[in-house]
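What follows is each chain in one-letter form.
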Amino acid sequence: MNSYYYLDAQQQVQGPVNLEELKKLHASGILQNDSLVAQAGSQEWKRYADLFTPPVPPQPSQMPASSSQRSPETSSGKTSGLATASLILGCTSFCLGLLSGIPAVIFGILALNKINKNHALQGKGMAIAGICLGGCSMFMTAILVGLAIPAVNGAMESARQVRAMTEIRQVGIVLSSYANGHGGVYPDNLDILLSSGALTNSTLLYKPETKEPKWILTPGLTTHSAPETILLQSVDAYRRGARISKVVYRVDNSAAIEYEKSP
């Protein structure tokens, strides 16, 4: 039966436990979905949710409701069909945004051109109203998009930061394990972890796309160095507004986020 090790809330290695005991720890709340778990004999730590949460079955796709599309043409009656379409699209543009706001402006302009050429047609006011409503909708959509972009960027940076925290903890645990087996001396570079077999997943050390290193290791440190000494830090910086931060891992096996002011 497979046995597992896990990190508790104090980031201490606990175990070994079997699969049933591990699931009971998760059910009791001792283990969270983000808790790191490693199978006995493996140096690769993974989130509990990645190991044991079953994949969510794909939801059946729903076919969009079919809608008849009609290209509005100039009516042979008294009111321009383009003007009517422009007004309707302009009214719905506050719900559908650019999807109906842009056509409302286009149809309104076309309607005005036809009405000016054919004075028997009516609906000039409807066309103007459709253009105004569609234009207002487009303006409001642009404002909302402008407000949403910083929030989206902030959420993406937070996600990158959380991922970096998880990865630096995994690398830090391997470094501590290496030092314990080498007289308390940390390696001079991270490649030693790969060459010695202490770490098998190179993506924890290098970016898969560019093969650039993710971390900066402070050489010459031992387990007897000052606990607050930074052992490992991220190469990439993470920006939140005017604040720049880096993920660090200290000799006392604690991971943290350090902020510095933007230049």
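Please read these numbers as outputs of a predicted model, since none were measured by experiment.

Reading the values: the criteria
- Residues numbered from 1 in each chain as written.
- Predicted model: local features only at pLDDT ≥ 70, side-chain atom pairs only at ≥ 80, totals over all residues.
- Heavy atoms only, no water.
- Axes fitted to C-alpha atoms, helices over the stretch in contact; angles between N-to-C directions.
- Helix = DSSP H or I, 4+ residues; strand = E, 2+ residues; numbered from the N terminus.
- Parallel < 35°, antiparallel > 145°, perpendicular 65-115°, else oblique.
- Left-handed = near helix turned anticlockwise from the far one by under 90°.
- Contact = heavy atoms within 4.5 Å.
- Nonpolar A, V, L, I, M, F, W, Y, C, P; charged D, E, K, R; others polar.
- Pairing = 2+ DSSP bridges.
- pLDDT = per-residue confidence, 0-100.
- Buried < 20%, exposed > 50% of the residue type's maximum accessible area, 1.4 Å probe, protein only.

**Student:** Give me the lowdown on the packing of helix α4 (residues 98-117) against helix α5 (residues 124-180), citing residues and values where you can.
**Tutor:** Following both chains from N to C, one finds α4 and α5 inclined at 150°, their axes separated by 8 Å at the closest point. In terms of orientation, α4 and α5 fall into the roughly antiparallel class. With respect to the hand of their crossing, α4 and α5 are arranged in left-handed fashion. Contacts between α4 and α5 involve Leu98, Gly101, Ile102, Ala104, Val105, Gly108, Ile109, Ala111, Leu112, Ile115 and Asn116 on the former and, on the latter, Lys124, Ala127, Ile128, Gly130, Ile131, Gly134, Gly135, Met138 and Thr141. Tallied by class, residues from the contact of α4 with α5 come to 12 nonpolar, 7 polar and 1 charged.

**Student:** I'd like a description of the sheet that holds strand β2 (residues 13-18), backed by residues and values.
**Tutor:** Read from one edge to the other, the open sheet built from 4 strands follows the order β2-β1-β3-β4, with strand pairing classed as antiparallel. Sheet topology places β2 and β4 (46-47) at the edges, where each strand pairs with a single neighbour. Relative to β2, strand β1 (residues 3-7) is paired through 4 bridges, and the arrangement is antiparallel. Bridge assignment links Tyr4 to a residue of β2, and that residue is Val17.

**Student:** Account for the confidence of the model for the chain, with residues named and values stated.
**Tutor:** Confidence along the chain averages 84 in pLDDT terms, with 87% of residues attaining 70 or more. Scored below 50 in pLDDT, residues 67-76 makes 12 contacts in the model with residues more than four places away or belonging to other chains.

**Student:** Got a sec to walk through unusual backbone geometry? Specific residues and values, please.
**Tutor:** The omega torsion across Gly15 and Pro16 is 5°, close enough to zero to call that bond cis. With respect to the element layout, Pro16 can be found in strand β2. Of note, the phi angle at Gln11 is positive, near 60°, even though the residue is not glycine. Its location among the elements puts Gln11 in the loop between β1 and β2. In this structure, Lys211 is a non-glycine residue whose phi angle is positive, near 60°. With respect to the secondary-structure elements, Lys211 resides in the loop between α6 (191-195) and β5 (215-217). Lys211 sits in the exposed class, given a relative accessible area of 62%.

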